[in-house]
Amino acid sequence: MLSENRPSRKQNSALPKVSFEFFPPKNDIMEKGLWSSIERLAPISPTFVSVTYGAGGTTRERTHATVERLLDETPLVPAAHLTCVGAPRGEVDEIVANYWQMGVRNIVALRGDPQGGMGTAYAPEPGAYVNAADLVSGISRIADFDISVSAYPEKHPESATIDADIDMLQAKVDAGAHRAITQFFFDNDVYFRYLDRVQARGLDIPIIPGILPIVHFGRMSSFAEKCGTSVPTWLAERFDGLDDDPETRQLIAVAVAAEQVIDLLDRGVDTFHFYTMNKADMVYAICRLLGLGRGSVEAAAQG
Ligand code: FAD
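Residues numbered from 1 in each chain as written. Predicted model: local features only at pLDDT ≥ 70, side-chain atom pairs only at ≥ 80, totals over all residues. Heavy atoms only, no water.

Chemist: Any chance you could break down the pairing of strand E1 (residues 17-22) for me, citing the residues and the numbers?
Modeler: Within E1, 5 of the 6 residues are buried, which leaves it mostly tucked inside the rest of the structure. Bridging between E1 and strand E9 (residues 271-275) involves 5 bridges; their strand directions are parallel. Along E9, the bridge assignment pairs lysine 17 with threonine 271. Pairing of E1 with strand E2 (residues 49-51) involves 3 bridges; the strand directions are parallel. Bridge pairing in E2 places phenylalanine 22 opposite valine 51. With respect to chirality, the unit in which E1 leads through helix H1 (residues 28-41) into the neighbouring parallel E2 is right-handed. (Buried < 20%, exposed > 50% of the residue type's maximum accessible area, 1.4 Å probe, protein only. Helix = DSSP H or I, 4+ residues; strand = E, 2+ residues; numbered from the N terminus. Pairing = 2+ DSSP bridges. Right-handed = clockwise from strand over helix to strand, strands pointing away.)

The following block contains the structure:
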């Protein structure tokens, strides 16, 4: 059953809050692309911008450099992703302490994918944090960070059941997590059913929906299959036959994500996390539709 007592959009007249996820660039061209996206999205005034940590800890230096530049050169609040994979506890603790010294206050704490890649069995490395809850405890012991963790409305592929998944969410909250950000999804009813189950357990941290504007339908679909996100037939139909038509694909991707976000907003959700894929255009357009980033128009109107 969906709850019927969520505030409607009209009751909920404050502007929504948003955050953006970026990944650290691999080369100079990607670096330019990332920073032009950050510049374009900065006027939207996100609550924070997060920077991912490559599978197996492979982007440690690049994640760090991107977070440092965000702190030094922008007014944005960076959130550094961190995983348990690829380094023992001591090294992870050093990274965390160093972030605190730099002035970073937000961390997205994750277990990470197995070293063998998504779909292979996960085994913690000797001396490493064993899972995300363990990592959250470790981070909380070091300093008073604002900690985000993952949540899976369609369950994590390794979880036997949604309830087992919510057990892990509970463990992360007990360890000190402040909010969860969901894996991307396309069916809002699935998200609301998940919220109902989480709330029924008495967990009251915000579960922020992760929204993915679709850059490449094919690539998104194969990623979705690996991470357990279902891709509805109606969505596939919207992109069908458009492989050679990137302009129309982008218009459709904006329309689909805007439709999803506006439905969530209408059903009482007021905070959104966007997976930007380091591209600004679609996310910027959606945020404008939400009423964000209009400061200069309002200032001009006020004279
Ligand atoms: P956890 O919360 O520890 O576990 C997720 C679920 O998997 C649990 O609910 C549990 O039921 C189940 N599970 C975990 N371990 C086992 C086990 N051994 N046996 C059975 N079930 C198990 N990955 C990166 O590498 N870098 C990133 O920057 C990154 N950012 C992400 C951001 C978000 C918002 C999300 C949703 C995911 C991100 N990921 C990232 C992906 C994430 O690392 C993978 O999904 C990983 O497989 C699980 O990490 P977690 O923190 O979600 O795990």
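Moving on from the model shown.
Chemist: Explain the site of the ligand residue by residue, including any values.
Modeler: Taken together, 22 residues are adjacent to the ligand, and Tyr53, Ser150, Tyr152, Ser159 and Lys172 come closest. For the ligand, an oxygen atom lies 2.5 Å from a polar atom in the side chain of serine 150. A distance of 2.4 Å is found between an oxygen atom of the ligand and a side-chain nitrogen or oxygen belonging to serine 159. Elements supplying a minimum of two residues to the shell around the ligand: strand E3 (78-83) and helix H5 (162-175). The dominant element in the shell around the ligand, judged by the number of residues it contributes, is H5, at 4 residues. Taken together, the residues that form the shell around the ligand break down as 9 nonpolar, 8 polar and 5 charged. (Near = heavy atom within 4 Å. Polar contact = N/O pair within 3.5 Å; in protein donor to acceptor, adjacent residues only side chain to side chain. Nonpolar A, V, L, I, M, F, W, Y, C, P; charged D, E, K, R; others polar.)

Chemist: If you had to explain the sheet that holds strand E7 (residues 207-208) to someone new, which residues and values would you point to?
Modeler: Taken together, the 9 strands give an open sheet; going across it, the order is E7-E6-E5-E4-E3-E2-E1-E9-E8, and neighbouring strands pair in parallel fashion. The sheet is open, and its two edges are formed by E7 and strand E8 (210-211), each paired on a single side. Pairing geometry for strand E6 (residues 179-182) and E7, over 2 bridges, is parallel. By the bridge assignment, alanine 180 is partnered in E7 with isoleucine 207.

Chemist: Can you lay out the pairing of strand E5 (residues 146-151) for me, pointing to particular residues and giving the numbers?
Modeler: For E5, the buried fraction is high: 5 of the 6 residues fall into the buried class. When strand E4 (residues 106-110) meets E5, the two strands line up parallel, connected through 3 bridges. The residue bridging asparagine 106 from the neighbouring strand is aspartate 146, located in E5. Between the parallel elements E4 and E5, the chain passes through helix H4 (residues 132-142) in a crossover that is right-handed. Examined bridge by bridge, E5 and E6 share 4 bridges and lie parallel to one another. Considered in E6, the bridge of serine 150 is made with isoleucine 181. Regarding topology, H5 serves as the crossover connection from E5 to the parallel E6, and that connection is right-handed.

Chemist: Help me get a handle on a negative patch on the surface, residues and values and all.
Modeler: Side chains of Glu237, Asp240, Asp243 and Asp244 sit close together on the surface and give a patch of like negative charge. Examined against the element boundaries, aspartate 244 turns out to sit in the loop between helix H8 (233-239) and helix H9 (246-266). The exposure class of aspartate 244 is exposed, given its relative accessible area of 77%. (Patch = residues over 30% accessible without salt bridge, like charges linked within 9 Å, V, L, I, M, F, W, Y side chains within 5 Å. Areas by Shrake-Rupley, 256 points an atom, 1.4 Å probe, with all protein chains shown as cover. Salt bridge = Lys/Arg side-chain N within 4 Å of Asp/Glu carboxyl O. Lys, Arg positive; Asp, Glu negative; His and termini not counted. Charge placed at Lys NZ, Arg CZ, Asp CG, Glu CD.)

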